[in-house]
Each structure stands twice: as C-alpha cells, then as structure tokens.
Amino acid sequence: MTLIFGLFQILALGKLALHCFGVAASIFIMFLRFQDDQITNDLLTGLNNRYALDAYVEDKIKIYHEGVHGRNQLYLIMMDVNDFKRINDIYGHQEGDRALKIVAQTLKKIGSSYKSSLFIARYGGDEFSAVFETGSECKVVELCNDIKNTLKSDTEKEKYRLTIGTGYAQYKGKTMSISTLYKSADRALYEDKARMKNLITEEL
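Residues numbered from 1 in each chain as written. Predicted model: local features only at pLDDT ≥ 70, side-chain atom pairs only at ≥ 80, totals over all residues. Heavy atoms only, no water.

Asks: How would you explain the overall build of the protein if you had to name every residue and give the values?
Replies: Helix and strand counts for the protein come out as 6 helices and 4 strands. Starting at the N terminus, the α and β elements of the protein follow one another as α-α-β-α-α-β-β-α-β-α. The proportion of buried residues among the 204 residues of the protein is 39%. Long-range pairs, those at least 24 residues apart, make up 72% of the contacts in the protein with a sequence separation of at least 6. (Helix = DSSP H or I, 4+ residues; strand = E, 2+ residues; numbered from the N terminus. Buried < 20%, exposed > 50% of the residue type's maximum accessible area, 1.4 Å probe, protein only. Contact = heavy atoms within 4.5 Å.)

As structure tokens, then:
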C-alpha cells in the first residue's frame, strides 16, 4: 500500500509540475507578446509606431528593389493634421490627444477595406504615415481623397475643423534611398498643406 501511495504521489507531483510549467510558459509567451506590442504599437492611437513603420518600409524595399513587384508599385504616404497647434492652444492638450485618436480611428476604418496592401502608422506628433502597394498612381490619389473626405464626414459635429494634409512618393527602386523616399513624400505633403491653406483662406 505504501509503495502504491508513493507511486501515486510521484505521478501526481509530476503532473502538477508539468501543469505549472505549462502555466509559466503561457505567461512568458503573453509577456513576450505584450513586449512586442509595446515596441511596435503607438500607445495613444493604437496604430503602428515609427519603429514598426521603418522596419516595414525596409522589408518592402528589399522586395521592390528593382522598382516593381509583379504589377504593383510601392508608395509612401505622409499625413499631417492641419492647424493642430491651434487645437492644443485653444482646447488643451487632452483635446489634442483626442483629435489624434479621431484621426487614427478614421485611418483604421479606411485601412480595414484595403487589408494587406495598406500599412498605417503614427509617424510622430500629429503626423501619420501609410505604405501602399498598388498598380496605379490614381489609386493613391483616390486613397488620399478618401482619407480627407472620410475624416471630414467623421468630424462634422466636432467643435473645430479637423482636416489632414497628404503627400505621397513612389519608391523608384535601388537608385532611391529610404531617406530620399521620406523626403519626397514630405515635400509633397507640405505642398498639399499649402494648397489647403490657400483654399481655406479664400473661403474666409
């Protein structure tokens, strides 16, 4: 009887140890996933962050090194909230954070319809970015207009005007560096913001 009880105890302890190991392993995996989310996600908006964006662009550039991939081309879109400083100055930084979250929600909504062809991130501050794979530049223009129109529709009842400027650049292949791609998209962004500012001034 003692031998049987001892054997049972060993088996039971073995199962208990195995169970504890399984629980510990699950907790460790969850911790790693949480750490990964902390590294690649923007805490305020829930979008991908600058670190994730840079890594994604680098990976895509390896694929598009010759300039095209199948029928698709690679585009980088830069976006910037118009008059964001004014929102912060008049309504406070908490409302400014809320405005960024509203923009992020609009981008997420649009991104869900493009699936894997569109990667969206918060670049930093009031700037956002998107990497878009498409076979037509017209599709990029349509996407930029869709972002602006959807944001306008989503914020019609807000107490302030919330609009966004957009600019994009196509990756030209191995002759184009990552920094040049970003600079080209930035330049296009500020040209678009200047046009929008002129339109708003004319409306006033």
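Asks: Quick one: what's the story with the packing of aromatic side chains, residue by residue and with numbers?
Replies: Counting across every chain of the model gives 5 aromatic pairs. The interplanar angle of 10 degrees and the centroid separation of 4.0 Å between the aromatic rings of Y56 and F119 together place this pair among those described as stacked. Here the residue Y56 occupies a position in helix α2 (residues 50-63), and F119 occupies one in strand β2 (residues 118-124), the gap between them amounting to 63 residues. An identical accessibility class is assigned to Y56 and F119; each is buried. (Phe/Tyr/Trp six-rings, centres within 6.5 Å; stacked < 30°, edge-to-face > 60°.)

Asks: Explain the nonpolar core to me, and be specific about the residues and the numbers.
Replies: Counting residues in each nonpolar core, the largest one holds 27 residues, and the members touching the most others are I77, M79, V103, L107, F128 and L162. Contributions of two or more residues to this core are made by β1 (73-81), α3 (84-91), α4 (93-114), β2, β3 (127-134) and α5 (137-154). Per-element tally for this core: the top contributor is α4, with 7 residues. Residues within four places of V103 in sequence aside, it is in contact with V81, F128, L151, L162 and I164. Within the second largest apolar cluster, 20 residues are counted, among which are A52, Y56, F119 and A121. (Core = buried A, V, L, I, M, F, W, Y, C linked by side-chain atoms within 4.5 Å.)

Asks: Explain α3 to me, and be specific about the residues and the numbers.
Replies: Among the residues of α3, those classed as buried are F84, I87 and N88. End-on, the buried residues of α3 take up no more than an arc of 95 degrees, which puts them together on one face. For α3, the exposed residues lying more than 90 degrees away from the buried face are K85, R86 and D89. Looking at the buried positions of α3, the neighbouring elements they touch are β1 and α4. Within two residues after α3, G92 carries a phi angle of roughly 95 degrees, on the positive side. (Arc of directions from axis to C-beta.)

Asks: Go over the sheet that holds β1 with me, naming the residues and quoting the values.
Replies: Read across the open sheet, the 4 strands follow the order β2-β3-β1-β4; overall the sheet is antiparallel. A strand with exactly one partner marks an edge of an open sheet, and here the two such strands are β2 and β4 (164-170). Averaged over all adjacent pairs, the angle separating strand axes in this sheet is 20 degrees, with direction ignored. (Pairing = 2+ DSSP bridges. Axes fitted to C-alpha atoms, helices over the stretch in contact; angles between N-to-C directions.)

Asks: Describe the packing of α4 against α5, with residues and values.
Replies: Packing of α4 against α5 leaves a shortest axis separation of 10 Å and a crossing angle of 130 degrees. Classed by the angle they form, the pair α4 and α5 counts as oblique. Between α4 and α5 lies a crossing of right-handed hand. Contact residues: I102, V103, T106, L107, K109, I110 and Y114 in α4; L143, D146, I147, T150, L151 and D154 in α5. In terms of residue class, the contact of α4 with α5 is built from 8 nonpolar, 2 polar and 3 charged. (Parallel < 35°, antiparallel > 145°, perpendicular 65-115°, else oblique. Left-handed = near helix turned anticlockwise from the far one by under 90°. Nonpolar A, V, L, I, M, F, W, Y, C, P; charged D, E, K, R; others polar.)

By themselves these figures say nothing about function.
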